[in-house]
Amino acid sequence: MSTFLSSAQALSQEITSLVHLPEPFDSLFPNGIIPGSSVLIKGETGGASSIALSILAKMSAKGNWCCVVSMPWITLEVAYTMGANLENIAVLDCIPTKIPQVISHILPATSLVLIDAEYLFSMKNLKLLLSKARNTTTIIIASINPIKAFSCNLNSADFSRNSSFMPDYSITAVKSYWDSLNRSKRVLNRHVTIESGGRRTHGLRIRKDFLLPSETGEAVLLRDQGLVEL
Amino acid sequence: MNQDRLLVVLVPGWPPQDAEGLEPVIKNLIDFTPGVSLINPGRIALLTLGPSRYFGGENSLAEKVKTSVSKIVKRPVNVGIADGLFAATLAAKQNRTILKGKNPEFLYTMPVGVLPNSEVAGLLMKLGIKTLGLFAKLDRKAVLERLGTGGMWCHMLACGNDPTLITTNSSDELAKYLEIDPPIEDFDRVTFLAKQLGNELIETLEMKGLCTTTIELELGFEDGSNSKKLWHNELPFTALDIADRTRWQLNFIQPVSSLSSININVISSCVTGLFQDSLFTSFNSKSQAIEKALKKVEGIIGGNAIKIPSYLPSRNLEDSIQFKRFGETHNLENMDFPWPGKLPAPLPAAYYHNPTVIKVLDENGEKVLITSRALCKNTPSTVSIKNGPLFKVKDWCGPWPREERWWDIERWKRKLLIQVLLENEMVCLLSLFKEEWHLEAIYD
């Protein structure tokens, strides 16, 4: 009985201290996410980097310190157009072997760490790092360099096959299409269907349609497709 | 105030991590004067007093240094001479020589954003004090009262007095020596020892109410050889800065034998009070925590690998984000002009600074070519990276010619850009440059 009570207490504490992702992605996790969670952003049809940048922009704009670790390909100008406060973003270039040590030091001072998922998949001391992130309530967001999918047709499943990295939450761009190129003579906006998931959602998956990027570059929620049947 | 005349060389666009790459430049500058110091990668300072007489004046020295460094780094460099490091750096941005004692006139119209303390600069902007001239006119006592010692230091800079080089007192009392027995080869261990020695030095200085901005680092080796170098810093040296300089010096000389001693001499010191934060105004636990964390990270990956971005409107994506070291201010000019030829929004989320060569073929398997009038000779049908899978092109648009720096023969570049939509709904920005197709960016 006492065990049940203590676990119920822990659960209620967990629920009351949940945090929400910035708009419009908060609607993917209506109850919020556990502070200090790891989030994997995937997009086999494209869109992962845009989602990551959008979250980075909103978090930094609220005055949170964010770190971008070993992602030289990410276009920070896109985050700037989405309203990011670049003064609250630290960009760290480090060799893969030093990444765990570096992240471990920055966790207590930052609210968000954005990292190339490939490094997390191959990290040895990952469990220790993720538990430190939980203690410091820092969200770790991992996203895959899109050129990997382009050059070797790899997706997140291929990377994670031999990895101990089990993200708490996942955000997946499952379907997307662009408004025609030739009619407007350039790309305009992309309609993306994004699905939330992960082991902390207890099997609950939510699908929503977004415009990402919209013509202004920002993410716009289009419509709710409701829960996904498992 | 007695200030050294300094010549500052700025190498625009030099990678902030690449201190070692400037070693040939420093070796070359030592031929002009032994007082050469790398402030940070891309910025070198040298004392002009002796060499300017020898080379027939400061302007002639500046020209000689400029020609000589440009040849080594294979790009144009900026050179400036003034009293003190702060003014000399600003003079270098304009390729000017500021006469002795004329710092106040030179700095008068400069925006306060050039000050190295961003907090003070931001506060001054909010107060409507937009130029260093206006700031310099304020009463020194009032500045000290309102803005604390950090503001006082900036006020001294605005008045043309660089407090980083106030006195020159190289005394044995302020030197630290460490004999390493047995000698060691491992660079990481050397840096760790240098940090410890640096800590001891900083503590000794603090006991005397002093800090240092110029040190001489002498490294002794097992085979009897030694390496001596002068190092300047805009802000007082910390133990981590000293460890950084030791690592750079070792990388410069690439020693063949093990290190047997480290000797740090304080060349110039000044009163600590000038650099202390005021008690209440700068208290910010969040920024203190990140500062502390980044200082620790600096010890692991080096200060140049930690960058704070800033937006600078420009035509190219690679130039639109400028990086500075943590704690440095962004001295960016207002460049918010209409930039014709700039990539229209939305911008690609993934941009590759070193674009990968890619194959763009038409229906017959022939390479897609573009005429000199920017018209496609054949239609893109498939795209693939070397040894990668083949993607069919669903739709495409362009090409747009982009000519960069047409006025500069060496840096002139002409690219032709196209956007392609692939069968997997991925949109890529491709460029034709030097007759080869490159993957510039992905609209991920």
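Look a little higher up for the structure.
Keep in mind the model is a prediction, meaning the values are calculated, not measured.

**Things to note about the interface of chain B and chain A**
The interface of chain B with chain A comprises 57 residues on the first partner and 55 residues on the second. The contact between chain B and chain A buries some 4,600 Å² in all, and 67% of this surface belongs to carbon and sulfur atoms. Three residues stand out in chain B for area buried against chain A, namely I300, P346 and D444 of chain B, and they jointly supply 15% of the buried area on that side. Our count for the contact surface shared by chain B and chain A stands at two salt bridges. In terms of residue count, the dominant contributor to the side of chain B that touches chain A is helix α11 (residues 285–301) of chain B (nine residues). A per-class count over the side of chain B that touches chain A returns 42 nonpolar, eight polar and seven charged. Strand direction decides the pairing type here: strand β3 (residues 89–92) of chain A and strand β10 (residues 306–311) of chain B, joined by two bridges, are antiparallel. The partner of V91 of chain A across the bridge, within β10 of chain B, is K307 of chain B.

**Quick notes on helix α3 (residues 58–73) of chain B**
All names here are of chain B. Its 16 residues place the ends of α3 22 Å apart at the C-alpha level, agreeing with the 22 Å of an ideal helix rising 1.5 Å per residue. When α3 is considered as a whole, its buried residues turn out to be E58, L61, A62, V65, S68, V69 and V73. Take α3 and look down its axis: the buried residues cluster within an arc of 140°, on one side only. Exposed residues pointing more than 90 degrees away from the buried face of α3 are listed as N59 and K71. Residues of α3 that are buried make contact with β1 (5–10), α1 (23–30), α2 (49–54) and β4 (78–83).

**Let's talk about helix α4 (residues 85–93) of chain B**
Among the nine residues that make up α4 of chain B, eight are buried, leaving the element largely enclosed by the rest of the structure. Just downstream of α4 of chain B, N95 of chain B is the residue with a positive phi angle, here 55°.

**Quick word on the packing of aromatic side chains**
When we look at a pair of aromatic rings, we describe it by the centre distance and by the angle of the planes. Per the stated rule, a full pass over the model turns up seven aromatic pairs over all chains. Between the aromatic rings of F29 of chain A and Y169 of chain A, the centroid separation amounts to 5.2 Å while the plane-to-plane angle is 75°, which identifies the pairing as edge-to-face. Of the two residues, F29 of chain A sits in the loop between α1 (2–16) and β1 (38–42) while Y169 of chain A sits in strand β6 (residues 169–178), which places them 140 residues apart along the sequence. Assessed through its relative accessible area of 5%, F29 of chain A is described here as buried. Their ring planes at 85° and their centres at 5.0 Å tell us that Y54 of chain B and F55 of chain B sit as a pair that is edge-to-face. Here a set of aromatic residues connected by ring pairs shows up, and it is made of F32, Y54 and F55 of chain B. Over the aromatic face of F323 of chain B sits the side chain of K307 of chain B, whose NZ or CZ is 4.7 Å from the ring centroid. Across the ring face of F433 of chain B, the terminal group of K413 of chain B is positioned such that the distance to the ring centre comes to 5.6 Å.

Conventions used here
Residues numbered from 1 in each chain as written. Chains lettered and ligands numbered in written order. Predicted model: local features only at pLDDT ≥ 70, side-chain atom pairs only at ≥ 80, totals over all residues. Heavy atoms only, no water. Contact = heavy atoms within 4.5 Å. Buried area = accessible area lost by both parts, 1.4 Å probe. Salt bridge = Lys/Arg side-chain N within 4 Å of Asp/Glu carboxyl O. Helix = DSSP H or I, 4+ residues; strand = E, 2+ residues; numbered from the N terminus. Nonpolar A, V, L, I, M, F, W, Y, C, P; charged D, E, K, R; others polar. Pairing = 2+ DSSP bridges. Expected span 1.5 Å × (residues − 1). Buried < 20%, exposed > 50% of the residue type's maximum accessible area, 1.4 Å probe, protein only. Arc of directions from axis to C-beta. Phe/Tyr/Trp six-rings, centres within 6.5 Å; stacked < 30°, edge-to-face > 60°. Lys NZ or Arg CZ within 6 Å of the ring centre and 35° of its normal.

Taken by themselves, the reported measurements are silent on function.
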